[in-house]
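Observations on chain architecture
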Amino acid sequence: MRLVYFGTASFAVPALRALADHVILVVSQPDRPSGRGMRLHASPVKQAAIELGLLCETPERSRAPEFVEVLRRLEADVLVVAAYGQILSVDVLASAQRGGINLHGSILPAYRGAAPIQRCLINGDTETGVTLMQMDRGMDTGDVIDIVRTPIDPDETYGALQDRLAPLAARQAHDWMPGIVAGDYPRIPQDSAVATMAPKLDRAEGQLRISMDATEAYNRFRGVTPSPGAYIETDYGRLKITSARRGEGQGAPGTYLGGDALAFSAGSLRLMEVQPEGRGRMSLGALANGLRLRPGDALVSS
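Residues numbered from 1 in each chain as written. Predicted model: local features only at pLDDT ≥ 70, side-chain atom pairs only at ≥ 80, totals over all residues. Heavy atoms only, no water.

Turning to a nonpolar patch on the surface, a few remarks are in order. Nonpolar side chains collect at one region of the surface, where Ile87, Met139 and Met197 lie side by side and expose about 300 Å² of accessible area between them. Of note, isoleucine 87 is situated in the loop between β6 (78–82) and α4 (90–93). (Patch = residues over 30% accessible without salt bridge, like charges linked within 9 Å, V, L, I, M, F, W, Y side chains within 5 Å. Areas by Shrake-Rupley, 256 points an atom, 1.4 Å probe, with all protein chains shown as cover. Salt bridge = Lys/Arg side-chain N within 4 Å of Asp/Glu carboxyl O. Helix = DSSP H or I, 4+ residues; strand = E, 2+ residues; numbered from the N terminus.)

For the structure on display, the rule yields 11 salt bridges. Arginine 17 serves as the salt-bridge partner of glutamate 51, at 3.0 Å between the closest nitrogen and oxygen. Separated by 34 residues along the polypeptide, glutamate 51 in helix α2 (residues 44–52) and arginine 17 in helix α1 (residues 13–19) bring together distant segments of the chain. Look at glutamate 51 and you get exposed, because its relative accessible area is 57%. The closest approach of N and O atoms between arginine 245 and aspartate 155, which form a salt bridge, is 3.8 Å. Placement of the pair is arginine 245 in strand β11 (residues 237–246) and aspartate 155 in the loop between β9 (144–151) and α6 (158–182), with a sequence separation of 90 residues. The exposure class of arginine 245 is partly exposed, given its relative accessible area of 34%. Look at aspartate 155 and you get partly exposed, because its relative accessible area is 32%. (Buried < 20%, exposed > 50% of the residue type's maximum accessible area, 1.4 Å probe, protein only.)

All buried positions along helix α3 (residues 65–74) are accounted for by Phe67, Val68 and Leu71. Along the long axis of α3, the arc covered by the buried residues comes to 105 degrees, so they all point the same way. Residues of α3 that are exposed and point over 90 degrees away from its buried face: Pro65, Glu66 and Arg73. One or two steps after α3, the chain reaches glutamate 75, where phi turns positive at roughly 50 degrees. (Arc of directions from axis to C-beta.)

Here we come to the pairing of β11. Where strand β10 (residues 230–234) meets β11, five bridges bridge the pair, whose relative direction is antiparallel. When the sheet's bridge partners are listed, glutamate 233 is paired in β11 with arginine 238. Where β10 folds back on β11, the antiparallel hairpin that results is connected by two residues. Examined bridge by bridge, β11 and strand β14 (residues 268–276) share seven bridges and lie antiparallel to one another. Looking at β14, one finds that isoleucine 241 is bridged to valine 274. (Pairing = 2+ DSSP bridges.)

So, in structure tokens, the structure goes:
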């Protein structure tokens, strides 16, 4: 088998490792600045490719004619795509004998787009999965080859669920790839009439508002943790939230209930690890002590 592997995010690393013996080229996004010093960092897939001794290219535009020609000369059997971050052109897909095969973190046609894992958690879904699909010119609209399903734990965050789905995708890719290369695999058209979309999240979607009920707020926390991150605007500044659970108490929205609990419009959340602006992480209880808040005081004015 001669495979070209397109991937960027950590979700794509296990499948790369599972197929590494057959990968002739890895394609990932260019190094991007991140962290306090905004230094350039390689993507998780590029880092894995270097560790595995695989050739890795990082074109700014994979559809650029000169890069398409590179792909054509490789005469690959399949392009394997997982969490790459760019839409592949028809010319790119046509560069391999069997075209592009995508590992997508949802049960298609639900959650087509860049953020399927995050969106299903925000929406409170209880089941998700990984779809192996034949790519076409649309956004996750191609024929389905296989679906692996799994229940979602009620306290699972985006980071935890992504880490659990990634090995499922790796096993799926490993098991199906010989048949795909041979042209012996099913292709089941999607029902676009029931499709839903999962666009990329922006930073503002991480805000938890006290007007939300506790279930909605908790699902949003789960869907944006660790990225782009959850936060709440309080009377004392923005408060990042890195660990939370459903609470048992109730009170006026925005009221500190004691311990680590904050009231929402219906129910409460326990904010077990928060980070005020310019300070380190702590529990909400420790922050309340520092602010001299008593149960019943407002942390967030309605």
